[in-house]
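So the chains spell out like this:
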Amino acid sequence: MTSDTRAKMVAGAADLMSRRGVNATSMREVVRHTGTPRGSIGHHFPDGKQQLIEDALVYAGAQVSGPLAHLTRKHGAIGGLHAFISLWRQTLEKTKFQAGCPVLAVAVEQFVNDAADHDGAPDEAAQKRLLDLADGVFADWQRIMVTALRSEGVRPARARRLAALVIASIEGTVAMCRAARSAQPLDDVRQELELVLSGALAK
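### Some thoughts on the overall build of the chain
Working step 1: Regarding its fold elements, the chain presents 8 helices and 0 strands.
Working step 2: Reading the helices (α) and strands (β) of the chain from amino to carboxyl end gives α-α-α-α-α-α-α-α.
Working step 3: For 203 residues, the compact-globule estimate of 2.2 N^0.38 gives 17 Å, and the chain sits close to it at 18 Å.
Working step 4: By principal-axis analysis of the C-alpha atoms, the chain measures approximately 60 × 30 × 30 Å.
Working step 5: When the 203 residues of the chain are sorted by exposure, 45% land in the buried category.

Take a look at the structure:
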């Protein structure tokens, strides 16, 4: 039961969350999805499903923040955003519009603890913890956009508002693309975001 097994389970949980949501991502399904030993659950995640979901949430956040930071540093705010949205388009099309954002899934679902002592009831403490983590991930993504915009001369307050607009737009548009089974909403939003950012950078 190596750390590779743990990493595989975390990545697998994030993938399942992106496709099915949080509550449909059971420990059993993660084991089946990743082909890992069932005994590895208790070994790597002694606190159960909540621990796995938390780790998957942090992992999913890093999977976005890494490329977003790299692309904005390399191409600037607009070029980086364009390249980043292209990556999202590839993900949607590759998964036939089945995969969304696991962080959004955490933000919109009420976590139900399937541990025996909770009997499938909503877990308010776990929900708060997961929402705090999701909020931190969204904030991290926004900070990356703020840094990119500030480096090109956008004032702090405007950069903060624009970063919120960018992240909210992409998150919402990914959901629209899944519903429409088309990348057209993503293309439309990309064009409008680029116009907005261009206007901000021109001032």
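More follows now that the structure is in view.
### Focus: helix α6 (residues 124-150)
Working step 1: Counted at 1.5 Å a residue, the expected span for α6 with its 27 residues is 39 Å, and the 38 Å between its end C-alpha atoms agrees.
Working step 2: Listed as buried for α6 are A126, Q127, L130, L133, A134, V137, F138, W141, I144, M145, A148 and L149.
Working step 3: Against the buried residues of α6 lie α4 (49-94), α5 (102-108), α7 (156-180) and α8 (184-202).

### So, the packing of α4 against α7
Working step 1: Two elements in contact, α4 and α7, have axes whose closest approach is 11 Å; the angle formed by their N-to-C orientations is 25°. Considered as vectors, α4 and α7 are oriented roughly parallel to each other. Crossing angle aside, the handedness with which α4 passes α7 is right-handed. Each of L81, F84, I85, W88 and L92 in α4 lies in contact with α7, whose residues at this interface are V166, I170, V174, C177 and R178.

### Examining the state of the cysteines
Working step 1: According to the stated counting rule, one finds 0 disulfides in the structure shown.
Working step 2: Looking at C101, it has no disulfide partner, and the nearest cysteine sulfur is the one in C177, 13 Å off.
Working step 3: A relative accessible area of 0% means that C177 is categorised as buried.

### Quick notes on the nonpolar core
Working step 1: Within the largest apolar cluster, 58 residues are counted, with the highest numbers of intra-cluster contacts made by W88, V103, V106, W141, V166 and I170.
Working step 2: Put simply, the parts of the chain that give this core at least two residues each are α1 (3-20), α2 (27-34), α4, α5, α6, α7 and α8.
Working step 3: Broken down by element, this core gets its largest block of residues, 15 residues, from α4.

### Quick notes on the environment of A77
Working step 1: Considering the arrangement of structural elements, one finds A77 in helix α4.
Working step 2: Taking relative accessible area as the criterion, A77 reaches 0% and is therefore assigned buried.
Working step 3: Along the chain, A77 and T147 lie 70 residues apart, while their C-alpha atoms are 8.8 Å from each other.
Working step 4: Every residue in contact with A77, bar those within four places of it in the chain, is listed here: T72, M145, A148, L149 and E152.

### Things to note about α1
For an α-helix, 3.6 residues make a turn, and residues three or four places apart therefore share a direction.
Working step 1: A rise of 1.5 Å per residue sets the reference length of α1, with its 18 residues, at 26 Å; its end C-alpha atoms lie 25 Å apart and thus fit the reference within 8%.
Working step 2: For α1, the full list of buried residues reads T5, M9, V10, G12, A13, A14, L16, M17 and S18.
Working step 3: Buried residues along α1 sit against α2, α3 (40-44), α4, α5 and α7.
Working step 4: Immediately downstream of α1, the backbone of G21 shows phi near 95°, a positive value.

Conventions we followed
Residues numbered from 1 in each chain as written. Predicted model: local features only at pLDDT ≥ 70, side-chain atom pairs only at ≥ 80, totals over all residues. Heavy atoms only, no water. Helix = DSSP H or I, 4+ residues; strand = E, 2+ residues; numbered from the N terminus. Rg over C-alpha atoms; globule rule 2.2 N^0.38 Å. Buried < 20%, exposed > 50% of the residue type's maximum accessible area, 1.4 Å probe, protein only. Expected span 1.5 Å × (residues − 1). Contact = heavy atoms within 4.5 Å. Axes fitted to C-alpha atoms, helices over the stretch in contact; angles between N-to-C directions. Parallel < 35°, antiparallel > 145°, perpendicular 65-115°, else oblique. Left-handed = near helix turned anticlockwise from the far one by under 90°. Disulfide = S-S within 2.5 Å. Core = buried A, V, L, I, M, F, W, Y, C linked by side-chain atoms within 4.5 Å.

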